[in-house]
Amino acid sequence: MLVSFVLFLGVLFLVYSYLERQTKIDTQQRFHQSAQQTANLVDTLVQAKKDKVMLIALSLVQESSLKTVLRQRQSSEIDFSQFVEQVSNYSGLKNVWIQLLDAEGNSLYRSWTDKHGDKIIEKRKDLQLLYANPRIMQSVSVGAFDLTFKTMVPVYEDGQFIGVFEVLAKFNSIAQKLTDRGIESVILVDESYQNQLKNPFSKRFLGKHYIANVNALPELVQLIDQYELQHRTNSTNFIALSKEQLFVSFKKLYGTENQPLAVIYLFQPLQPVLESAYQASLQVYGILTFIYLFLLVLYLWRRANRVSRKASDFNESLLSEVKTKDQALQHQSFFWQSIIDGLDHTIQVVEADFSVTLKNNAAQYYDFADLVETDSQNCRDDIYNVDQPCEQDHRICPIKKCFSSGKSASIVQKIIAPNGKKRYFEFTSTPLFDDYGHVEKVIEIGHDITPYLKAKNQLETQKKELDFMAYHDSLTHLPNRVLFIDRLQQALDHCRISKTVVAVLFIDLDRFKEINDTHGHRVGDSVLVECAKRLKSAVREVDTVSRLGGDEFTVIIDEVKKSEEVADIVQNLLNVIAHPIFVDKRAFYLTTSIGVSLSSTDGKNPIELMKNADTAMYQAKASGRNNYAFYDPEMTEKALYRLEVEENLREAIKHRQFVMHYQPQYDIAEGKITGFEALVRWQHPEKGMIPPIDFIPLAEDTGMIIHIGQQVMFDAMLAAVNWRKSGIIDQRIAINVSARQFQDERLLELVEDSLMATGCQPEWIELEITESLVLSDYDYAANVLSALQKMGITVSIDDFGTGYSSLAELKRMPIDKLKIDQSFVRNIPEEREDCEITRAIISMANSLGLDLIAEGVETEQQAQFMVENGCQKAQGYLYSKPLPEEEIIQLLGRSH
Ligand SMILES: Nc1nc2c(ncn2[C@@H]2O[C@@H]3COP(=O)(O)O[C@H]4[C@@H](O)[C@H](n5cnc6c(=O)[nH]c(N)nc65)O[C@@H]4COP(=O)(O)O[C@H]3[C@H]2O)c(=O)[nH]1
């Protein structure tokens, strides 16, 4: 804008500079024109006068009198004064003269003078020219007196040149005519004529110049002189005298031979000329101003147009830009929409009222329905079977959460797609904030993660399979060596805490190679798989069976309390493998050798234990296969012995090799038998009488105690019945109930059955339960004991004092009798502490009103201690050892 303005000013300046210059030029031109006009005026006037003079000459030349004179050349007798006067009147010219010249150039008549007959041609060049070539000639010339107009007409008669008729008129009238037009003139005759004017008409001279017009104003003449205008006529045709306010122009007159004749100085007021010039300038100015204004208007219009066009262009470009941008936006929008619509992800815009205002194609396909929540319905669940509707007690709606917290929230939901397929979607809600930071909307993006979950599950399965393969044997699916060692380490760590023992079994199938070689690997593999199954089924769930490779298996037996347990398990494993294995309807009889190492004695780490178990396995093989061996030989012996006992025990049960001994119980003070305790003995056919301590624990462990207990109960009840029938006793017989028996739910049934089978009355017997058994499960014990009491059976607590029963527990327990354990009795009276305990037990039993008996009384002091401290009954070697039934009968017979 500023640049435009400066340019505009520049142009304005140039235009006005130009105008000013132009004005000057125009003024000069106007002056020149004005001078030219004035000169033209002079020319016109001169020409008009010339023409007039010529017309006069031509009209007069026809005058016969003139011809006559010329023909006769007799001018002296002719008076043409009247004729001239008529011509003057006729032509309107005041001063008109005529002259007649004969053919030789002699003046026949001159109206201005009386003189005639002289040879004028000799003096006048114009006449010489005319006579040389007769023709009508006009001229302004300086005569002897004045500046005059002349017209010379050759006169012919009958084709013969007879002379010249010349008409003359004063030039002075021209000045008058100029004056009439407001132009004063001063006619200065050329200085070359100064000598010619003998008797000048005006008699006025400026220097050498004759002032031809009589009425020329002196001040003008003075100005000519003052400004030396005479010298300027050659360089210009005008002078503006500003001071005098006069405009002076010059008009030069020339003679017939083009010789300078005179200069007419034409004076006119400067102002009109200037005005005229100004007018011209003004016209120029006007035109220029007009042009300028026009240009300005044009410029402004164009500028306005330009501005308008610019504005229009701007508008157009703006519109175009807007259109382009709009299109770009549309394209972009279309582009994004295409992308958004092309996405598998569902996108929904959820408003604060949970209505969905926008959704992409995927969302429309799944049509997750309005997200409007009601009290009873959650979003989507009325349309689709959503397993996990978002708003429940245990989970919240992510859209709600997003609105309330302003943070993104996600949820995984199972939906049924329109095609009926089950899909898992992960929905992520993202907040959109308004200008005030409030959550305005929520963008919910749903992503079908079914393939991902499927792939994840597959990967997990594959990983599990790989993990499984890494840690398991591919044939038997048993843990491999790596896992076995790991588990063994864990077991060792655990057994250190639990103070138990871990046993490692190294199992090798005997002569398995023969099966492989003879029947092929496929059969061999089948045999191995079956062996693995059997080994696994023969141990506890917590125990680990692994395959090291080939026909070698290992087993971890955890939490071993006694080595005998291990021997049992090992024996069981030998047995399960010994059963025939069928492959392709062919029976294979396998044996196996098992080596055992124990963490207590044979090693502290997995490698050591496995190595020693392996060594033991070779010992077992060396001792004849189908065998087992402990790494410690003593353990092997023990195990073998135990196995033998177990087998014998089974035989003993089968063949009823158990016999009952009865130990009498006495009233210490009176020395009378108050009862008996039935104590079982094993009458081994080869080894003789085996005490209960050598087989009861094994019978307990193996469960055979149940069978032994049945026999004992039956025999003892039967003895009670028989002895009563024979009338030798009326005392009760106490029967020991082992832990396994007591925990057997069939105990009460067994007691009832035995009572019924023997005909024994409940009052005739007493059941002894160890204190530790009662304390291990107090409620159960109380129930069972209570049931026994209700049956009428006396219940006594054996080995009392070893279990640390409290007085409160005793008080609540349904029991009738306490048996002071012989471990206290044994040291009485030496051990003060045992004495104190015994006193306390006696005191406790007495205070609770319980019957009381001391076991293992071997000395009088012990018996006396008991009596002194309130225990009236005792049993022990002091009175009698446990005796066979016959001896009891004898004893009773003696006592009777
Ligand atoms: N040192 C010494 N010992 C004495 C004396 N008086 C008795 N004894 C022994 O002490 C044991 C008492 O039986 P127990 O405490 O019930 O201890 C019994 C009992 O727990 C168990 N037992 C015996 N018979 C049976 C039975 O039929 N069933 C059950 N479940 N266990 C039985 O075997 C254990 C041992 O029985 P036994 O060898 O017969 O040993 C008997 C008996 O012979 C004595 O003065 N000094």
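Residues numbered from 1 in each chain as written. Predicted model: local features only at pLDDT ≥ 70, side-chain atom pairs only at ≥ 80, totals over all residues. Heavy atoms only, no water.

By the naming in an unreviewed UniProt entry, the protein chain goes by cyclic-guanylate-specific phosphodiesterase and is assigned to Thiomicrorhabdus sediminis. UniProt, in its Catalytic activity (unreviewed entry) section for the protein chain, records the words "3',3'-c-di-GMP + H2O = 5'-phosphoguanylyl(3'->5')guanosine + H(+)". Taken verbatim from the UniProt record of the protein chain, the Cofactor (unreviewed entry) comment is "Mg(2+)". (UniProt positions renumbered as here; feature names shortened; annotations may be inferred.)

Asker: How do you make sense of the sheet that holds strand 22 (residues 592-598) when you look at a structure like this?
Answerer: Hydrogen bonds between backbone atoms are what pair the strands of a sheet, whose relative direction is either parallel or antiparallel. Strand order in this open sheet of 5 strands is 18-19-17-22-23, and the pairing throughout is mixed. Each edge of the open sheet carries a strand with a single partner, namely strand 18 (544-549) and strand 23 (627-630). The mean inter-strand angle of the sheet, taken between neighbouring strand axes irrespective of direction, is 20 degrees. As paired strands, strand 17 (residues 501-509) and strand 19 (residues 552-560) are joined by 7 bridges and run antiparallel to one another. (Pairing = 2+ DSSP bridges. Helix = DSSP H or I, 4+ residues; strand = E, 2+ residues; numbered from the N terminus. Axes fitted to C-alpha atoms, helices over the stretch in contact; angles between N-to-C directions.)

Asker: Mind showing me how you'd approach the nonpolar core here?
Answerer: Note on soluble globular proteins: their nonpolar side chains tend to be buried together. By size, the foremost hydrophobic cluster in this structure holds 82 residues, and its most contacted members are Tyr-662, Leu-818, Ile-820 and Met-866. Ranked by residues supplied to this core, first place goes to helix 17 (residues 704-725) with 12 residues. Mapping this core onto the domain boundaries places at least three of its residues in each of domain 3 (472-652) and domain 4 (662-895). Of all hydrophobic cores here, the second largest spans 48 residues; its members include Leu-41, Leu-66, Val-87 and Leu-266. (Core = buried A, V, L, I, M, F, W, Y, C linked by side-chain atoms within 4.5 Å. Buried < 20%, exposed > 50% of the residue type's maximum accessible area, 1.4 Å probe, protein only. Domains from an automatic or database assignment.)

Asker: Any chance you could explain the packing of helix 17 against helix 19 (residues 747-758) here in plain terms?
Answerer: The geometry of a pair of packed helices is captured by two quantities: the angle between their axes and the separation between those axes. Where helix 17 meets helix 19, the axes come as close as 9 Å, and the angle between the chain directions of the two elements is 40 degrees. Between helix 17 and helix 19, the interaxial angle falls into the category oblique. Crossing hand, helix 17 versus helix 19: right-handed. The segment helix 17 lies against helix 19, with Gln-710, Met-713, Phe-714, Met-717, Leu-718 and Val-721 engaging Leu-750, Val-751, Ser-754, Leu-755, Ala-757 and Thr-758. Tallied by class, residues from the contact of helix 17 with helix 19 come to 9 nonpolar, 3 polar and no charged. (Parallel < 35°, antiparallel > 145°, perpendicular 65-115°, else oblique. Left-handed = near helix turned anticlockwise from the far one by under 90°. Contact = heavy atoms within 4.5 Å. Nonpolar A, V, L, I, M, F, W, Y, C, P; charged D, E, K, R; others polar.)

Asker: I tried to follow the environment of Tyr-628 on my own but got confused; where do I start?
Answerer: Locating Tyr-628 in the fold gives a position in strand 23. Looking at Tyr-628, the relative accessible area reads 2%, which means it is buried. Sequence separation between Tyr-628 and Phe-506 is 122 residues, and the spatial gap between their C-alpha atoms is 9.4 Å. Among all residues touching Tyr-628, those that are not within four sequence positions of it are Ala-567, Val-570, Gln-571, Leu-574, Ile-594, Ala-620, Thr-636, Ala-639, Leu-640 and Leu-643.

Asker: Explain helix 19 here, please?
Answerer: Residues lying three or four places apart along an α-helix face the same way, a consequence of the helix completing one turn every 3.6 residues. For helix 19, with 12 residues, the first-to-last C-alpha span of 16 Å sits near the 16 Å given by 1.5 Å per residue. Taken together, the buried positions of helix 19 are occupied by Leu-747, Leu-750, Val-751, Ser-754, Leu-755 and Thr-758. Down the axis of helix 19, the buried set is contained in an arc of 130 degrees. They therefore lie on one face. Exposed residues on helix 19 whose side chains face more than 90 degrees from its buried face are Met-756 and Ala-757. Backbone geometry just downstream of helix 19 places Gly-759 in the positive-phi region, at approximately 80 degrees. (Expected span 1.5 Å × (residues − 1). Arc of directions from axis to C-beta.)

Asker: Sorry if this is basic, but what is going on with the packing of helix 11 (residues 481-498) against helix 14 (residues 606-622) here?
Answerer: Where helix 11 meets helix 14, the axes come as close as 9 Å, and the angle between the chain directions of the two elements is 110 degrees. Relative to helix 14, the element helix 11 is oriented roughly perpendicular. Contact with helix 11, carried on its side by Arg-481, Phe-484, Ile-485, Leu-488, Gln-489 and Leu-492, involves Pro-606, Ile-607, Leu-609 and Met-610 of helix 14 and no other residues of that element. In the contact of helix 11 with helix 14, the residues fall into 8 nonpolar, 1 polar and 1 charged.

Asker: Sorry, what's going on with the pairing of strand 23 here?
Answerer: Regular strands show a simple pattern: their side chains alternate between the two faces of the sheet. Neither face of strand 23 is open: one carries Asn-627 and Ala-629, the other Tyr-628 and Phe-630, and all of them are buried. Across 4 bridges, strand 22 lies against strand 23 in parallel orientation. Counted as the bridge partner of Val-596 is Phe-630 from strand 23.

Asker: Any chance you could explain the site of the ligand here in plain terms?
Answerer: Close to the ligand lie 19 residues; Gln-663, Arg-681, Gln-822, Glu-858 and Tyr-877 are nearest. Within the side chain of Gln-663, a nitrogen or oxygen atom sits 2.8 Å from a nitrogen atom of the ligand. One of the side-chain nitrogen or oxygen atoms of Arg-681 is found 2.7 Å away from an oxygen atom of the ligand. Taken by itself the ligand offers 780 Å² of open surface, and the protein chains cover 82% of this. For the shell around the ligand, the elements supplying multiple residues, two or more each, are strand 25 (672-684) and strand 29 (794-800). Per-element accounting of the shell around the ligand gives the leading share, 4 residues, to strand 25. When the residues that make up the shell around the ligand are grouped by side-chain class, the tally is 7 nonpolar, 6 polar and 6 charged. (Near = heavy atom within 4 Å. Polar contact = N/O pair within 3.5 Å; in protein donor to acceptor, adjacent residues only side chain to side chain. Areas by Shrake-Rupley, 256 points an atom, 1.4 Å probe, with all protein chains shown as cover.)

Asker: Just to check I follow, could you spell out the packing of aromatic side chains for this structure?
Answerer: Aromatic ring pairs: the centre-centre distance and the angle between the two ring planes describe each pair. This structure, assessed with the given rule, holds 16 aromatic pairs. An angle of 40 degrees between the planes, with centres 5.1 Å apart, marks the rings of Phe-31 and Phe-247 as tilted. In this pair, Phe-31 sits in helix 1 (residues 2-61) while Phe-247 sits in strand 10 (residues 246-254), placing the two residues 216 residues apart along the sequence. The same class applies to Phe-31 and to Phe-247, which are both buried. When the ring of Tyr-666 is compared with that of Tyr-879, the centres are 5.0 Å apart and the planes differ by 25 degrees; the resulting orientation is stacked. With Tyr-666 in strand 24 (residues 658-667) and Tyr-879 in the loop between strand 32 (873-874) and strand 33 (883-884), this pair connects stretches of sequence that are 213 residues apart. Taken together, the ring pairs connect Phe-31, Phe-238 and Phe-247 into an aromatic cluster. (Phe/Tyr/Trp six-rings, centres within 6.5 Å; stacked < 30°, edge-to-face > 60°.)

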